[in-house]
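# Per-entry structural report
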Amino acid sequence: MLRQYVAAFAATGSRILPEHSPWGSVINSLHPAKFCVFKNEFKFSAKLSTSARSPTTFPSQSQVVICGAGIVGNSIAYHLTRDGWTDVVVLDQNVVGSGTSHTGSGVLGVFKPSAERQFVTYSVSLIKRFQDEGHDLGFQQCGSLNLAQTRERAIALKRRVAYTKPSGLECEWLDRHEIKRRHPHLYTVDLEGGVWVPGDAVADPYSACVTFASLARRQGALYVENCTVEGIVTDEVPHSQVIPRVTHVVTSLGTIHCEYFVNTAGMWARSLGEKSSPKVRIPVHPAEHFYLHTEPVVEAQYGLPIIRDYDSSTFCLTRNQQFVVGGFERHAKPAFENGIPQNWRKSLIGDDEHFRPIREAAEHRVPMLKDIQYQPLVNAPDNFTPDGKWILGETPEIDNYFVAVGMNGNSLQGSGGAGQAIAEWIMYGSLVTEMLPFDVRRFIDLHNNRRYLKERTKEVVGRHYEILYPGQCEYRLARKLRCSPMYSEQEAQGAVFGTRMGFERPLYFDITHTRTDSSAQMREGSFKKPSFLDCIHEEYQACREGVGIIDLSSFTKIKITSAGNQVVEYMQKLCSNDVNMPVGGVVHSGMQNERGGYENDCLLIRRTDNSYLMLAPTSQQTRVMDWLRRHITAEACVSVTDVSSMYSVLGVVGPKSREMLSLMCSANLVLYGHMAKDINIAYASGVTVLSFIHMGEPGYTLIIPAEYTLHVYNQLMKIGHDYGIRNVGMMTMRALRVEKFIPFWAEELDSTTTPYEVGRGYKVKLNKEYFVGKFALMRQLSQGLKKRLVHLTLDDSFDPDEDIWPWGGEPIYRNNLYVGNTTSTAFGFTLNKMVCLGFVRHHDQQNVTPEYILQDANFEIDIAGRKVAAHASLQPPKMPVVKMDGFASYRPKSRGIVTHK
């Protein structure tokens, strides 16, 4: 085995092995004479294939420069050169694989949500192919056992099995006796069961890292070691709205002119992001991550499954005849809080007391570990992101500056898929797959704050193994950063807050809370009927029968202007709807990409002849600004400004909203069509009122200067008392829009979904001049749809009081054939049924016609292994119409869901 590691490392051309790599300290401590034996025997002098480029002189230019020769950077170099982009330079401040790539667990786990699963599945197949081609990567597809100690964990795993199986991934639920047969060393008496995933594997991270590098060099990439990047230079023009582009990289060895720059610097990625102008935001922070290896023993035989004991935050695997124990502790330790020192390895120590709960949990699950001698605890820090997901893509600050960092404790797992994705993005300019969960543009400046990252890192590590109840598991740490002016008053009235883009938003208001109570907290999570459903029901009733007030202040708000009328031409090009409306007009429009998919879903208000105000989803704050700026040319004379913090937004919803608002202002609130006007409310001036609401109910949207917000809110609550006014949270907004078949951003609308697929074709104006995505939409309209968004209501066999609820992601079956997945779900109080939205594809890859949905079709939704019949529709359901002028009180038939108070 020692010889195998030396052989693998020889291919990189480096002179030393990292101390923490397997056998690294042994090899580096060898007497020079003995080291020469290894060196000569394996041609350690870096005589690669004759096609490899050698850095005899420092390159002055390259098409692509990659900073960081870890496993992800090497994977990108491999994929670029494999596809013919051979003008690639990889820089590292030390040597290949000398960072943290070699210290991971080596687990390749495919039992994941769909977005990650695609990446990891590709990584597994690629590393397996390398092994089959003769590279010794220690790859073994041993499978995994994913254990459940509790019923709630069992439900969580069964839900994952349900939505994973249709993808073709083999997995099955086992009882404790079958688990024991798969792994005879396990203690299984306290288990509910577990999931067997035969496709999971282990490999040696360091060998994979140097293999990627070796193949990349053989295919033409140039590696330059012991080279520090000192700055990334752009063609930035002061005060320009045009995004600057990378021009060259300044290093300790010289300057390289380049077209593309890729930051794969791992723990150093954030500080590297600060070495450019403008600075690039890369919110990552290392956490101490621990592994315990036993001495080699016979019992750690080849092929034993990986063990994930989620409820104990522990995993255990076998490699090189050793048991390896690790975990994702609930209270993690941020590493290098004052910056990463030059000799960072020497500053790391194994914290046995901190790791003790994980070690004891592993010994409980694998009792024989108590009798095996351990090697010293390894402290192997790795990068974690604020939400525990990878950070990939092109940065919004600099054009052609890409990042691939934040692998969250396992660089090997996503290395193949991430490398392929970034390489394709560079080569082709975009991706056909959806990258929203990993998009670098999902962050704003607060996420890059070092103190914020340090605090969030303490929590995000443990969430990898926690049960994350959908919509019910908010972060505890690094909170109360972005708050609306109403926050304190909402808190006093029982608001239970969640965060989006760091903004505190009321999810619901606890009806049992009084002003003298401490802050209301999210009730205990559940996969069944949530315990706070009665709170949502009362808010829902207020919106249907009286007045509800919902804080939408977290929405992204962007001002778009020009000196002349250029802004109209600019917006007409970006929007698929016709946005050349009169001043005061309001238009809801999508912004499509060249494939017709959504890049943004927004509301546009024509403020003047040459200016618009845009309201966009909260999570779009960085992404939509990037999209807008990328379409500004030097000749356009268009300016875009983020004004999100300047205004608050309130939705005043319900049939009594006009009558109530009329008592606070003298303006005529009868607005025909979608219109906006500036009015005074109470003592506040400059409030913009829109005859548009996001929930399908009658009402108004108020855009309020931030300094007047609390005054307007207090007056609304005071005057509205006689109208039954209620605070309304985001969960009620969700229930209202799901019931009425209204698609939302990031759930139904994304870059791979078109307006025709979600029933919004009427908002596409093909008779306009050119707009981005027009030709793709014309082609789709003529060729037909491959998927459609469908409204599904579960039949009466579903008992919402007792059964496990659908929460999104559940498989949809038509006549026993898998045809899609749900996206959003909610209980429809008016329909008195559980409602799901979801995309349906044809099982034979044909067009999805209305007849396919509506005729001879029996639909079912698989909820944690149980299929429930559902009625499908392509139209919103028929419901009692709520009118602004009056409404006869409507009471849904009760099945014991809630009791109206």
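Preceding block: the structure.
In what follows, the accompanying structure is described. For clarity, every value in this text was computed on a predicted model and none was experimentally measured.

## Some thoughts on the packing of helix α14 (residues 533–545) against helix α19 (residues 730–739)
Taken N-terminus to C-terminus, the directions of α14 and α19 make an angle of 60°; their axes are 9 Å apart at the nearest point. When the interaxial angle is binned, α14 and α19 end up oblique. Considering how the two elements wind past one another, α14 and α19 form a crossing that is right-handed. Across the interface between the two elements, I536, E539, Y540, C543 and R544 of α14 pack against M731, T732, L736 and E739 of α19.

## Describing the sheet that holds strand β27 (residues 611–616)
With antiparallel pairing, the five strands of this open sheet are ordered in space as β25-β26-β27-β24-β28. Both edges of this open sheet fall to β25 (586–592) and β28 (638–642), since each of them pairs with a single strand only. Taken pair by pair, the neighbouring strands of this sheet meet at an average axis angle of 30°, ignoring direction. Here helix α15 (residues 566–574) sits on the sheet in contact with β24 (556–562), β25, β26 (598–608), β27 and β28, set at roughly 130° to β24.

## Topic: the nonpolar core
In terms of nonpolar packing, the biggest core is built from 81 residues, with V64, I66, L80, Y223, L392 and I426 touching the most fellow members. The residues contacting I66, other than those within four sequence positions of it, are G73, I76, A77, L80, V88, V89, V90, L91, V262 and T264. Among the nonpolar cores identified, the runner-up in size contains 60 residues, and I155, Y469, F527 and V653 belong to it.

## Description of the pairing of strand β22 (residues 503–509)
Put simply, side chains in a regular strand alternate between the two faces of the sheet. Burial within β22 is extensive, with seven of its seven residues counted as buried. Two strands pair when backbone bridges link them, and strand β21 (residues 495–500) and β22 are joined in this way by six bridges, in the antiparallel orientation. Residue pairing for β22: R500 is matched across the bridge by F503. Linking two consecutive strands that pair antiparallel, namely β21 and β22, is a turn of two residues; a positive phi of about 55° is found at M501 within it.

## Focus: helix α5 (residues 114–132)
If you check α5, its first and last C-alpha atoms are 27 Å apart, about what 19 residues at 1.5 Å a residue would give, namely 27 Å. Within the sequence span of α5, burial applies to E116, R117, F119, V120, Y122, S123, V124, L126, I127 and F130. On the buried face of α5, the contacting elements are α4 (71–82), β3 (107–108), α6 (151–164), α8 (205–218), β19 (391–394) and α11 (411–428).

## What about α8?
Given a rise of 1.5 Å per residue, 14 residues ought to cover 20 Å, and the 20 Å separating the end C-alpha atoms of α8 matches this to within 8%. In terms of residue burial, α8 counts as a mostly covered element, since 13 of its 14 residues are buried. Of the residues flanking the end of α8, it is G220, one or two places downstream, whose phi is positive at about 125°.

## Quick notes on the pairing of strand β37 (residues 833–841)
In terms of residue burial, β37 counts as a mostly covered element, since seven of its nine residues are buried. By the bridge criterion, seven bridges tie strand β34 (residues 787–794) to β37 in an arrangement that is antiparallel. Of the residues in β37, the one forming a bridge with K787 is R841. Of the pairings in the sheet, the one linking strand β36 (residues 817–828) to β37 comprises eight bridges and is antiparallel in character. Counted as the bridge partner of S824 is L837 from β37. Joining the antiparallel neighbours β36 and β37 is a turn of four residues, in which N832 adopts a positive phi near 55°.

## Let's talk about the side chain of E697
In this structure, E697 sits in the loop between β31 (684–690) and β32 (699–705). Relative accessible area serves as the criterion here: at 6%, E697 is assigned to the buried category. Only 3.3 Å separates the side chain of E697 from the side chain of R544, close enough to count as a polar contact.

## Structural notes on the environment of D309
Tracing the backbone through its elements, the reader meets D309 in strand β14 (residues 306–309). On the basis of relative accessible area, D309 is assigned to the buried category, the value being 1%. Note: C-alpha distance between D309 and T793 (484 residues apart in sequence) is 36 Å. Beyond its immediate sequence surroundings of up to four residues, D309 is in contact with L147, Q149, T314 and R365.

## Details of the pattern of salt bridges
Scanning the entire structure with this criterion turns up 46 salt bridges. Across the pair D311 and R153 runs a salt bridge whose closest N-O atoms are separated by 3.0 Å. Of the two residues, D311 sits in the loop between β14 and β15 (314–319) while R153 sits in helix α6, which places them 158 residues apart along the sequence. The pair formed by D311 and R153 is uniform in burial state, with each residue classed as buried. Residues K529 and D801 are paired through a salt bridge, measuring 3.2 Å at the closest nitrogen-oxygen approach. With a gap of 272 residues between them, K529 in the loop between β22 and α14 and D801 in the loop between β34 and β35 (811–814) connect regions that are remote in the sequence. Here the salt bridges do not stand alone but share partners, grouping R245, E394, D399, D439, R441, E599, R623, D626 and R630 into one network.

## Describing the packing of aromatic side chains
Tallied over the full model, the rule gives 26 aromatic pairs. One aromatic cluster is present, built from ring pairs that chain together Y291, Y310, F315, F328 and Y465. Positioned above the aromatic ring of W173, the side-chain terminus of K158 is 4.8 Å from the ring centre. Sitting over the face of the ring of Y475, R456 holds its NZ or CZ atom 3.8 Å from the ring centroid.

## Things to note about the sheet that holds strand β33 (residues 726–728)
Taken together, the six strands give an open sheet; going across it, the order is β30-β31-β32-β29-β23-β33, and neighbouring strands pair in mixed fashion. In the strand order of this sheet, the two ends are held by β30 (676–681) and β33, each with one partner. Taken pair by pair, the neighbouring strands of this sheet meet at an average axis angle of 30°, ignoring direction. Across three bridges, strand β23 (residues 548–551) lies against β33 in parallel orientation. Each bridged residue has a counterpart across the sheet, and for I549 the counterpart in β33 is N727. Against the sheet, α14 engages β23, β29 (647–653) and β33, with an angle of about 110° to β33.

Rules of the game
Residues numbered from 1 in each chain as written. Predicted model: local features only at pLDDT ≥ 70, side-chain atom pairs only at ≥ 80, totals over all residues. Heavy atoms only, no water. Axes fitted to C-alpha atoms, helices over the stretch in contact; angles between N-to-C directions. Helix = DSSP H or I, 4+ residues; strand = E, 2+ residues; numbered from the N terminus. Parallel < 35°, antiparallel > 145°, perpendicular 65-115°, else oblique. Left-handed = near helix turned anticlockwise from the far one by under 90°. Contact = heavy atoms within 4.5 Å. Pairing = 2+ DSSP bridges. Core = buried A, V, L, I, M, F, W, Y, C linked by side-chain atoms within 4.5 Å. Buried < 20%, exposed > 50% of the residue type's maximum accessible area, 1.4 Å probe, protein only. Expected span 1.5 Å × (residues − 1). Polar contact = N/O pair within 3.5 Å; in protein donor to acceptor, adjacent residues only side chain to side chain. Salt bridge = Lys/Arg side-chain N within 4 Å of Asp/Glu carboxyl O. Phe/Tyr/Trp six-rings, centres within 6.5 Å; stacked < 30°, edge-to-face > 60°. Lys NZ or Arg CZ within 6 Å of the ring centre and 35° of its normal.

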